[in-house]
Amino acid sequence: MYDVVIIGAGPGGIYSAYELTKGDPSLKIAVFEAGHPLDKRHCPIDGDKIKSCIRCKSCAIMSGFGGAGAFSDGKYNITNDFGGTLYEYIGQKRSIQLMEYVDSINMANGGEGTKLYSTAGTDFTKICLQNNLRLLNASVRHLGTDINYIVLENLYSYLKERVDFFFDTPIESIELIKEASSSYYRAYHGDAHTDARQCIISVGRSGSKWMEEVCRNMNIPTKSNRVDIGVRVELPAVIFSELTDELYESKIVYRTEKFEDNVRTFCMNPHGIVVNENTNGIVTVNGHSYEDPAKWTDNTNFALLVAKHFSLPFKDSNGYGESIARLSNMLGGGVILQRFGDLVRGRRSNESRIEQCSTRPTLDATPGDLSLVLPKRILDGIIEMIYALDKIAKGTANEDTLLYGVEVKFYNMEVALDKNLETIYKGLYVIGDGSGVTHSLSHASASGVYVARRILEKAK
Ligand SMILES: Cc1cc2nc3c(=O)[nH]c(=O)nc-3n(C[C@H](O)[C@H](O)[C@H](O)COP(=O)(O)OP(=O)(O)OC[C@H]3O[C@@H](n4cnc5c(N)ncnc54)[C@H](O)[C@@H]3O)c2cc1C
């Protein structure tokens, strides 16, 4: 019988385990992870023999110790303006305090010396407003993919002495066992099971389908969440350098004239690379960058996304996003690449047009036509925003700006949770992206610390 079983070793699971061990070293804790240990996580794409996603059973980018964040850009945004709605449960002040606490752990575990950028006092707030754009407030710690990995290695070295890890062991189902004097949770894996007094579920986006099943089986209420659909833009780093040198990542929102939709920048990677992402067999696009200048490219990439939320009669927002991603996979065999100049001219990009393009793509994607994939409303919004960004970063709307599609941010449906992030079952907590409450490294990590502290307080 464990005191706590944690399902998922992404940032949510890691920081809850960390905080529990710090608060009470005598606790018996087990962490179950569907993916591999950190040092066994390797995406087979080597750009040489394997150029695109081969749909591994367990995606090394999304699963394993470190979760979806392991090979991410390691951008810890300390803000309530985006990255999740944790503050709605725990309050604005506490949410920021916990994100700062997580930052201090990262600094103590290999992150020291990395830069903390901030929008406070920047002239870009005004420049954006003058051009019909809105810059969101945030401080962002950029660890970079390389330092992020080192922090994870250090956290693992600390945790493995104090916690029982079970890798390559997906939990299939959970059951509440009620006995005369007590109740506990039973987590089923393969032919075996593990029991614990309390259970923290932190399965991230890759566990979204599983989470839905658990909620269905245990009658835990859920709400449908939004899906974000768009493209990843790649252009010469120099075009965005004024913004990225000062702010590193700028979250900018534009309200389109035609449909009054919000289009926003997301996940900006100065001198970064564009990568494939495989969620439940669907290949979409993402990006990251390294802290080490030796690994920099000449390009900057970021996503332009439009949020869609369906409620009645259709409420499967993720299903809508999946269908669009599947369409791009069907036409392009994976991710589709198009020059902005070709898109506005209404023609597809082909091998020779990409060959002649002055911006060199950092991801090997299939040249094609995004207008055959993305709904008109979304595509029009993206084109409008590219022209709006061109006013603050001249050259964004150049013919040779590259667009990769589709980028989809799937959000898990929101699990009904109380202010302790506890479900209708006492001792069953859901945290991180799997709860639908968070969508970022910082919020997911903070939610882990928060629940750990609730458990420690209750035990007093
Ligand atoms: C390429 C990429 C770049 C990103 N860059 C950034 C960034 O710079 N900044 C930022 O804030 N966010 C970024 N993100 C998002 C960020 O990684 C996530 O928001 C964050 O990892 C969520 O943490 P989590 O612990 O909730 O879930 P996850 O990190 O998804 O971890 C969940 C873990 O649970 C495991 N799991 C799932 N189901 C089961 C099961 N049934 N049994 C056992 N284990 C299970 C999974 O294998 C996974 O390891 C990026 C994501 C990707 C993919």
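Relevant structure appears above.
From a predicted model like this one, the values you see are computed outputs, not experimental measurements.

### Notes on the overall build of the chain
Part 1 of the argument: Helix and strand content of the chain: 12 helices and 22 strands.
Part 2 of the argument: Here the chain has a C-alpha radius of gyration of 22 Å; the compact-globule value for 460 residues is 23 Å, and the two agree.
Part 3 of the argument: Structurally, the chain occupies a C-alpha span of about 70 × 45 × 45 Å along its principal axes.
Part 4 of the argument: For the chain, the proportion of its 460 residues judged to be buried stands at 51%.
Part 5 of the argument: Pairs at least 24 residues apart make up 76% of the contacts formed inside the chain by residues separated by at least 6 positions.

### Some thoughts on the environment of histidine 288
Part 1 of the argument: Positionally, histidine 288 belongs in strand E16 (residues 282-288).
Part 2 of the argument: On the basis of neighbour count, histidine 288 is assigned to the buried category, with 20 C-beta atoms found within 10 Å.
Part 3 of the argument: For the pair histidine 288 and aspartate 73, spaced 215 residues apart in sequence, the C-alpha to C-alpha distance is 4.6 Å.
Part 4 of the argument: When near neighbours in sequence (up to four residues on either side) are disregarded, histidine 288 contacts Phe71, Ser72, Asp73, Thr145, Asn269, Gly272, Ile273 and Val275.

### A short note on helix H1 (residues 11-23)
Part 1 of the argument: For H1, built from 13 residues, the straight-helix expectation of 18 Å at 1.5 Å per residue is met to within 8% by its first-to-last C-alpha distance of 18 Å.
Part 2 of the argument: Counting buried residues in H1 gives 10 out of 13 residues, a clear majority hidden from the surface.
Part 3 of the argument: Regarding H1, the residues found buried are Pro11, Gly12, Gly13, Ile14, Tyr15, Ser16, Ala17, Tyr18, Glu19 and Leu20.
Part 4 of the argument: Where H1 is buried, its residues contact strand E1 (2-7), strand E2 (29-32), helix H3 (92-111), helix H5 (144-160), strand E10 (192-201) and helix H12 (441-459).

### Some points on the site of the ligand
Part 1 of the argument: Taken together, 46 residues lie near the ligand, and Gly8, Gly10, Gly67, Gly204 and Gly432 sit nearest.
Part 2 of the argument: Contributions of two or more residues to the shell around the ligand are made by H1, strand E3 (75-78), strand E15 (273-279), E16 and H12.
Part 3 of the argument: Across the shell around the ligand, the residue classes break down as 16 nonpolar, 24 polar and 6 charged.

### Thoughts on the pairing of E15
Part 1 of the argument: Extensive coverage of E15 is indicated by the burial of 7 of its 7 residues.
Part 2 of the argument: Judged from the 7 bridges that link them, E15 and E16 form a sheet pairing that is antiparallel. Its bridge partner being in E16, valine 274 is matched across the sheet by glycine 287.
Part 3 of the argument: Connecting the antiparallel pair E15 and E16 is a turn made up of 2 residues, with asparagine 280 showing a positive phi of about 50 degrees.

### What to know about the nonpolar core
In globular proteins that are soluble, nonpolar side chains generally tend to be buried together.
Part 1 of the argument: Val4, Val5, Ile29, Ile382 and Tyr404 are the most contacted members of the largest nonpolar core, which has 130 residues in total.
Part 2 of the argument: With residues near it in sequence (within four places) discarded, valine 4 still touches Leu20, Leu27, Ile29, Ala196, Gln198, Ile200 and Ile455.

### Examining unusual backbone geometry
Part 1 of the argument: With omega at -5 degrees, the peptide bond leading from leucine 312 into proline 313 counts as cis.
Part 2 of the argument: With respect to the helices and strands, the residue proline 313 is situated in the loop between strand E17 (299-308) and helix H8 (317-332).
Part 3 of the argument: In this model, glycine 405 is joined to valine 406 through a cis peptide bond whose omega is 0 degrees.
Part 4 of the argument: Looking at where valine 406 falls in the secondary structure, it is placed in strand E20 (residues 402-410).
Part 5 of the argument: Non-glycine residue aspartate 168 carries a positive phi angle of around 50 degrees.
Part 6 of the argument: Within the element layout of this structure, aspartate 168 appears in the loop between strand E7 (164-166) and strand E8 (173-178).
Part 7 of the argument: The exposure class assigned to aspartate 168 is partly exposed, which follows from the 15 C-beta atoms found within 10 Å.
Part 8 of the argument: At glutamate 260, a position not held by glycine, the phi torsion is positive, near 55 degrees.
Part 9 of the argument: Mapped onto the elements of the fold, glutamate 260 is located in the loop between strand E13 (252-255) and strand E14 (262-269).
Part 10 of the argument: Residue glutamate 260 is classed as exposed on the basis of its C-beta count, with 8 C-beta atoms lying within 10 Å.

### Structural notes on the sheet that holds strand E5 (residues 133-135)
Part 1 of the argument: Here we have 8 strands laid out as an open sheet, ordered E5-E13-E14-E17-E12-E20-E18-E19, and mixed in their pairing. Since the sheet does not close on itself, it has two edges, and those belong to E5 and strand E19 (366-367), each with one partner.
Part 2 of the argument: Along the sheet face, H8 touches strand E12 (227-236), E17, strand E18 (336-339), E19 and E20 and points at about 145 degrees away from the line of E20.

### Brief notes about the sheet that holds strand E6 (residues 139-142)
Two pairing modes exist for strands in a sheet, parallel and antiparallel, and in both the strands are linked by backbone hydrogen bonds.
Part 1 of the argument: Taken together, 3 strands build an open sheet; the order of strands is E3-E6-E4 and the sheet is antiparallel. Two strands bound the open sheet, and with one partner strand each, they are E3 and strand E4 (116-118). Here the average twist between neighbouring strands, direction ignored, is 25 degrees.
Part 2 of the argument: As paired strands, E3 and E6 are joined by 4 bridges and run antiparallel to one another. Counterpart to asparagine 77 in the pairing with E6 is valine 140.
Part 3 of the argument: Taken strand by strand, H3 contacts E3 and E6, and its axis lies near 150 degrees from that of E3.

### Examining the environment of alanine 108
Part 1 of the argument: Counting through the fold element by element, alanine 108 comes out in helix H3.
Part 2 of the argument: In this structure, the C-alpha to C-alpha distance between alanine 108 and glutamine 130, residues 22 residues apart in sequence, is 41 Å.

### Brief notes about H3
Part 1 of the argument: Among the residues of H3, Ser95, Leu98, Met99, Val102, Asp103, Ile105, Asn106 and Gly111 are the ones counted as buried. For H3, the buried positions fall inside an angular range of 160 degrees around the axis, keeping them on one side. Residues Lys93, Ser104 and Ala108 are exposed on H3 and point more than 90 degrees away from its buried face.
Part 2 of the argument: Buried residues along H3 sit against H1, E3, helix H2 (86-90), E6, H5 and H12.
Part 3 of the argument: A positive backbone phi angle near 95 degrees is found at glycine 113, which sits one or two residues after H3.

Each value, and the rule that gives it
- Residues numbered from 1 in each chain as written.
- Predicted model: local features only at pLDDT ≥ 70, side-chain atom pairs only at ≥ 80, totals over all residues.
- Helix = DSSP H or I, 4+ residues; strand = E, 2+ residues; numbered from the N terminus.
- Rg over C-alpha atoms; globule rule 2.2 N^0.38 Å.
- Buried ≥ 20, exposed ≤ 12 C-beta atoms within 10 Å, placed from the backbone.
- Contact = placed C-beta atoms within 7 Å.
- Expected span 1.5 Å × (residues − 1).
- Near = placed C-beta within 6 Å.
- Nonpolar A, V, L, I, M, F, W, Y, C, P; charged D, E, K, R; others polar.
- Pairing = 2+ DSSP bridges.
- Core = buried A, V, L, I, M, F, W, Y, C linked by C-beta atoms within 7 Å.
- Axes fitted to C-alpha atoms, helices over the stretch in contact; angles between N-to-C directions.
- Arc of directions from axis to C-beta.

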